[in-house]
Amino acid sequence: MLEKTAQQFLSDAERFLIDAATGMEFVTIKTSAGNAVLISEDEWKILLDALKLAVQTAK
């Protein structure tokens, strides 16, 4: 996963967004307030499914 500062991300945001949306490359965007991770919607859905399974198992 790429790591970029907010300025680096903003300098080529469209490329990073397209790369994440197509699953080519995800990116961590580092800011002074904390970090954000840009992933595809498909990866997000996989993560949600895994979290649902983990919560069900923990009950």
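As a reminder, the structure under discussion sits directly above these lines.
An account of the accompanying structure is given in this report. (Residues numbered from 1 in each chain as written. Predicted model: local features only at pLDDT ≥ 70, side-chain atom pairs only at ≥ 80, totals over all residues. Heavy atoms only, no water.)

A look at the nonpolar core
No. 1: If you look at the biggest cluster of nonpolar residues, it comprises eight residues: Phe9, Ala13, Phe16, Ala20, Phe26, Val27, Ile29 and Leu38.
No. 2: Where this core is concerned, the elements lending two or more residues are helix H2 (13-21) and strand E2 (27-31).
No. 3: Among the elements that take part in this core, H2 stands out by supplying three residues, more than any other.
No. 4: Excluding residues that lie within four positions of it along the chain, Phe26 makes contacts with Met1, Leu2, Ala20, Leu38, Ile39, Ser40 and Glu43. (Core = buried A, V, L, I, M, F, W, Y, C linked by side-chain atoms within 4.5 Å. Buried < 20%, exposed > 50% of the residue type's maximum accessible area, 1.4 Å probe, protein only. Helix = DSSP H or I, 4+ residues; strand = E, 2+ residues; numbered from the N terminus. Contact = heavy atoms within 4.5 Å.)

Quick word on H2
No. 1: All of the buried residues in H2 are Ala13, Phe16 and Ala20. Considered in projection along H2, the buried side chains sweep an arc of 70° and stay on one side of the axis. In H2, the exposed residues that point more than 90 degrees away from the buried face are Glu14 and Ala21.
No. 2: Residues of H2 that are buried sit in contact with strand E1 (2-5), helix H1 (6-11), E2 and strand E3 (34-38).
No. 3: One or two positions beyond H2, positive phi appears at Gly23, with a value near 80°. (Arc of directions from axis to C-beta.)

Focus on the pairing of E2
Regular strands show a simple pattern: their side chains alternate between the two faces of the sheet.
No. 1: Looking at chain direction, E1 and E2 are connected through four bridges and run parallel. Across the sheet, residue Lys4 finds its bridge partner in E2, namely Ile29.
No. 2: Relative to E3, E2 is paired through five bridges, and the arrangement is antiparallel. Across the sheet, residue Thr31 finds its bridge partner in E3, namely Gly34.
No. 3: The loop that links E2 with its antiparallel partner E3 comprises two residues. (Pairing = 2+ DSSP bridges.)

Some thoughts on the side chain of Ser40
No. 1: The topology assignment puts Ser40 in the loop between E3 and helix H3 (41-58).
No. 2: We classify Ser40 as buried; its relative accessible area is 5%.
No. 3: With residues up to four places along the chain from it excluded, the contact list for Ser40 reads Ala20, Ala21, Gly23 and Phe26.

Description of a nonpolar patch on the surface
No. 1: Together, Trp44, Leu47, Leu48 and Leu51 make up an exposed nonpolar region whose accessible area comes to about 360 Å².
No. 2: Within the element layout of this structure, Trp44 appears in helix H3.
No. 3: Overall, the relative accessible area of 45% leaves Trp44 in the partly exposed class. (Patch = residues over 30% accessible without salt bridge, like charges linked within 9 Å, V, L, I, M, F, W, Y side chains within 5 Å. Areas by Shrake-Rupley, 256 points an atom, 1.4 Å probe, with all protein chains shown as cover. Salt bridge = Lys/Arg side-chain N within 4 Å of Asp/Glu carboxyl O.)

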